[in-house]
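Descriptive analysis of the structure
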Amino acid sequence: MDETLLASLREMQPELAAIRQDIHAHPEIGMEEERTSALVAAKLREYGLQVEEGIGKYGVVATLKGRLPGQRAIGLRADMDALLINEATGLPYASRHQGKMHACGHDGHTTMLLGAAKYLARHPDFGGTVHFIFQPAEEGRGGAVAMLEDGLFDRFPVDAVYGLHNDPGLPLGTFSTRVGPALAASDRWFVTFRGTGGHGGAAPHLSTDVTVVQAQFIMALQTIVSRNVAAVDAAVISVGAVAGGSFGSVNVMPSEIRIGGTSRSYVPAVRDLMEKRLAELAHSVAASFGCTAEPEYLRGTTALVNHAEQTGIALAAAGALVGNGRVDPNAPQTTGGEDFAHMLEARPGAFMFMGQGAGGATSEGLHTPTYNFNDDAIPFGAGYWVSLVRQEMGAAA
């Protein structure tokens with residue numbers, strides 16, 4: 001365990017916690033991170049780094065060259081956006097913006113990377129270049145793709161790129177990851193069923209009933225994973241919304257019902273299959289009841305796949321910081337989604353999970369109204385980034 005590094009970062013913790021809590025109090029959702037990105041850029045310039053703003057709209061990249069010889073370059077990425085959730089923590093620094101909240105810890109991710117940037121600017125004892133990447137819009141609004149399309153890795157070339165995410169389910173000061181597929185492709189789908197509707201009391205037999213269609217479709221949907229996807233492959237299809245009719249006129253059979261949901265997968269062929277079967281079932285079930293279907297399948301983030309070499313480096317960095325006994329190299333796969341996956345398609349790299357569970361509010365799950373990032377995790381996250389730079393470029397090349 002690197003107690004010296006952790007001790008230095010704990011000295012910075014009050015300052016960094018104040019930054020984190022300020023970001024928490026002023027949450028901004030994806031592609032609206034004007035204040036957050038400006039704060040990040042100002043801090044990075046204060047630390048003496050070269051800074052460029054406006055990459056993919058609100059993305060910020062800071063560059064630091066080590067004082068040792070070396071040509072290698074790496075990227076360290078943190079996300080900045082919040083979620084559309086009403087905060088219920090009761091904290092003195094709770095969200096000041098109704099309906100918006102940092103419920104996934106991106107305020108902490110941003111702060112930890114800022115802490116690492118400040119520390120490394122003071123101690124640039126490495127050979128090569130580090131690009132600190134602060135990304136907007138991770139939560140389903142295309143921030144990674146926006147930065148890539150704006151020339152992220154052309155303007156800031158890297159040999160590898162790394163990401164980090166907190167996990168309130170893991171003990172504080174522990175780390176976890178795995179080689180290969182770690183998080184799932186995350187897609188959304190919608191189906192609109194249309195019929196004639198009619199009088200549900202006097203003449204249902206003269207109508208085409210979309211309520212029966214949607215009921216049959218939802219049941220049939222469950223057969224895609226159970227009967228079309230191989231048992232050794234993981235996949236999920238869930239219904240998240242059903243809308244149609246009016247509770248003010250329950251004797252009226254609606255002429256239209258819309259259903260929406262999410263699907264998750266790891267294998268591209270399974271993803272293709274789910275899109276195909278969902279549309280086939282929608283059309284066939286609708287036709288069997290004299291109705292029509294309009295399916296829409298929207299692909300989101302791709303599956304996140306960690307590269308073997310960089311995962312080994314990430315594990316070594318975490319082990320050097322907290323001890324190998326507190327690092328899990330065989331983390332279970334999760335069907336959560338993460339758009340850092342797009343950066344891993346563009347460059348080799350690895351995504352790490354960091355434990356921050358310590359009881360109280362910090363043990364609440366991600367994306368819940370009572371979640372709060374644990375400020376005691378800041379030295380561990382910043383320390384991981386510093387340790388990673390040392391593993392990648394600590395000696396003269």
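Report on the accompanying structure. Bear in mind the structure is a predicted one, so any value in this text is a computation, not a measurement. (Residues numbered from 1 in each chain as written. Predicted model: local features only at pLDDT ≥ 70, side-chain atom pairs only at ≥ 80, totals over all residues. Heavy atoms only, no water.)

1. Focus: the overall build of the protein chain
A tally of regular secondary structure across the protein chain gives ten helices and 16 strands. Split into buried and exposed, the 397 residues of the protein chain put 53% on the buried side. Considering only contacts within the protein chain whose residues lie at least 6 apart along the sequence, 81% involve residues at least 24 apart. Between the averaged position of the 29 positive side-chain charges in the protein chain and that of its 42 negative side-chain charges there is a distance of 1 Å. (Helix = DSSP H or I, 4+ residues; strand = E, 2+ residues; numbered from the N terminus. Buried < 20%, exposed > 50% of the residue type's maximum accessible area, 1.4 Å probe, protein only. Contact = heavy atoms within 4.5 Å. Lys, Arg positive; Asp, Glu negative; His and termini not counted. Charge placed at Lys NZ, Arg CZ, Asp CG, Glu CD.)

2. Observations regarding the sheet that holds strand E12 (residues 256-265)
The strands that make up a sheet are held in pairs by hydrogen bonds between backbone atoms, and each pair lies either parallel or antiparallel. In space, the four strands of this open sheet follow the order E10-E12-E8-E13, with antiparallel pairing throughout. Every other strand in the sheet has two partners, leaving strand E10 (235-243) and strand E13 (292-301) as the edge strands with one partner each. Taking each pair of neighbouring strands and ignoring which way they run, the sheet shows an average axis angle of 20 degrees. Running over the sheet, helix H6 (residues 210-228) touches strand E8 (185-194), E10 and E12 and is turned about 165 degrees from E10. Running over the sheet, helix H7 (residues 268-288) touches E8, E10, E12 and E13 and is turned about 165 degrees from E13. (Pairing = 2+ DSSP bridges. Axes fitted to C-alpha atoms, helices over the stretch in contact; angles between N-to-C directions.)

3. What to know about the nonpolar core
General note: in soluble globular proteins, nonpolar side chains tend to be found buried as a group. Residues Leu44, Leu76, Phe132, Phe134, Phe175 and Tyr384 are the most contacted members of the largest nonpolar core, which totals 60 residues. In terms of residues, this core owes the most to one element, helix H10 (residues 378-393), which gives nine residues. In contact with Phe134, other than residues within four places in its own chain, are Val40, Leu44, Gly59, Val60, Ala78, Met80, Thr110, Leu113, Leu114 and Met147. Residues Val210, Ala282, Cys291 and Ala293 belong to the second largest nonpolar core, which totals 24 residues. (Core = buried A, V, L, I, M, F, W, Y, C linked by side-chain atoms within 4.5 Å.)

4. Topic: the sheet that holds strand E5 (residues 160-171)
Strand order in the open sheet made by the eight strands is E1-E2-E4-E3-E5-E16-E6-E15, with mixed pairing throughout. Looking at strand neighbours, the two that pair on one side only are strand E1 (50-55) and strand E15 (327-328), the edges of this open sheet. Against the sheet, H10 engages strand E3 (68-79), strand E4 (127-135), E5, strand E6 (175-176) and strand E16 (349-357), with an angle of about 150 degrees to E3.

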